[in-house]
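# Residue-level structure breakdown
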Amino acid sequence: MYTVIGMPQTRAMRVIWMLEELEQPYDIVPAPPRSEEIKAANGTGKVPAMKVGDDILTDSFAIVTFLADRHGAFTAPAGSVDRAIQDSHLHFIAEEMDAPLWTASKNSFIYPEGMRVKEIKPVVKFEYDQAVARLSKRLGSSDYLMGDTFSVPDIFAVHCLNWGRAAKFDVTDETVLAYSKRCRARPAFRRAAATAS
């Protein structure tokens, strides 16, 4: 049994989605960011964290990769060329999709009012749009980032696309829209999304 610490409306959704894909039992402690409950698990106050036995894991990228490796699913084997390609997709998503969305969020509602730079939003929207174009090229004519097989990077890319839509960073690229719709149609995603409602 795993315990996910973090509200499903946050990056914790990535972990919940992976657990649903793996059909593993889990509990959710819906702690909001910077709450005392999450700070007890992760001193930074960031979500998610996940309890595994007596250990606490932090950072959604680390947790989802750990789960994939532990259960031998939705991932390429360590040391393989495919794993290097998979990791390249993950770094691209973290640096070029997640980062501008996080910057937009911090300057919209996370930082104290006097610290927010509202003028940054068009800049990060431009960065995000470029990343979506690059995502489309990475997909090409494939169903998923690793070809015909759904895997770890797809969870992160589609979570970012959902986050972008909530931030009103609209996507018009037909390849990316079809990809996002295909991933969101997965039963595991639908079960995970239901935890946030």
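As a starting point, this report considers the structure included with it. What you see is a predicted model, and the numbers here were worked out from it, not measured in a lab. (Residues numbered from 1 in each chain as written. Predicted model: local features only at pLDDT ≥ 70, side-chain atom pairs only at ≥ 80, totals over all residues. Heavy atoms only, no water.)

Before going further, it helps to spend a moment on the overall build of the chain. Each helix and strand in the chain was counted, giving eight helices and four strands. When its helices and strands are written in sequence order, the chain yields β-α-β-α-β-β-α-α-α-α-α-α. Relative to the globule expectation of 16 Å for 197 residues, the C-alpha radius of gyration of the chain, 17 Å, shows essentially globular dimensions. Sequence-distant contacts, at least 24 apart, represent 67% of the contacts inside the chain between residues at least 6 apart. As displayed, the chain has an accessible area near 9900 Å², and 54% of this comes from carbon and sulfur atoms. (Helix = DSSP H or I, 4+ residues; strand = E, 2+ residues; numbered from the N terminus. Rg over C-alpha atoms; globule rule 2.2 N^0.38 Å. Contact = heavy atoms within 4.5 Å. Areas by Shrake-Rupley, 256 points an atom, 1.4 Å probe, with all protein chains shown as cover.)

Our focus in this paragraph is the sheet that holds strand β3 (residues 49-52). With respect to topology, four strands assemble into an open sheet ordered β2-β1-β3-β4, the strand pairing being mixed. Lying at the two open borders of the sheet, with one neighbouring strand each, are β2 (26-29) and β4 (55-58). Between one strand axis and the next, the sheet turns through 25° on average, direction left out of account. Both β3 and β4 contribute to a ladder of four bridges, which runs antiparallel. By the bridge assignment for β4, A49 is matched with T58. On the sheet, helix α1 (residues 12-22) packs against β1 (2-5), β2 and β3 and is oriented at approximately 155° with respect to β1. With respect to the sheet, helix α3 (residues 60-71) is in contact with β1, β3 and β4, its orientation differing from that of β3 by roughly 35°. (Pairing = 2+ DSSP bridges. Axes fitted to C-alpha atoms, helices over the stretch in contact; angles between N-to-C directions.)

The subject of this paragraph is the environment of A73. Among the secondary structure elements, A73 is positioned in the loop between α3 and α4 (81-110). Between the C-alpha atom of A73 and that of L22, which follows or precedes it by 51 residues, the distance is 7.4 Å. For A73, the residues in contact, after removing those within four places along its chain, are L22 and A68.

In this section: the packing of aromatic side chains. The geometry of an aromatic ring pair is captured by two quantities: the separation of the ring centres and the angle between the planes. The tally for this structure, following the rule as stated, stands at six aromatic pairs. Look at W17 and F150: their rings are 5.7 Å apart centre to centre, the planes differ by 40°, and that puts the pair in the tilted class. Linking W17 in helix α1 with F150 in the loop between α5 (121-139) and α6 (152-166), this pair joins segments that are 133 residues apart in sequence. The class of W17 is buried, set by a relative accessible area of 1%. Look at F150 and you get buried, because its relative accessible area is 4%. Where Y128 meets F169, the ring centres are 5.5 Å apart and the plane angle is 50°; that geometry is what we call tilted. Taken together, the residues span a long stretch of sequence, with Y128 in helix α5 and F169 in the loop between α6 and α7 (174-184) at a distance of 41 residues. Each member of the pair, Y128 as well as F169, is classed as buried. Each member of the aromatic cluster is reached from another via a ring pair, and the members are W17, F74, Y144, F150 and F189. Between the NZ or CZ atom of R11 and the centre of the ring of W102, over which it lies, the distance is 4.7 Å. (Phe/Tyr/Trp six-rings, centres within 6.5 Å; stacked < 30°, edge-to-face > 60°. Buried < 20%, exposed > 50% of the residue type's maximum accessible area, 1.4 Å probe, protein only. Lys NZ or Arg CZ within 6 Å of the ring centre and 35° of its normal.)

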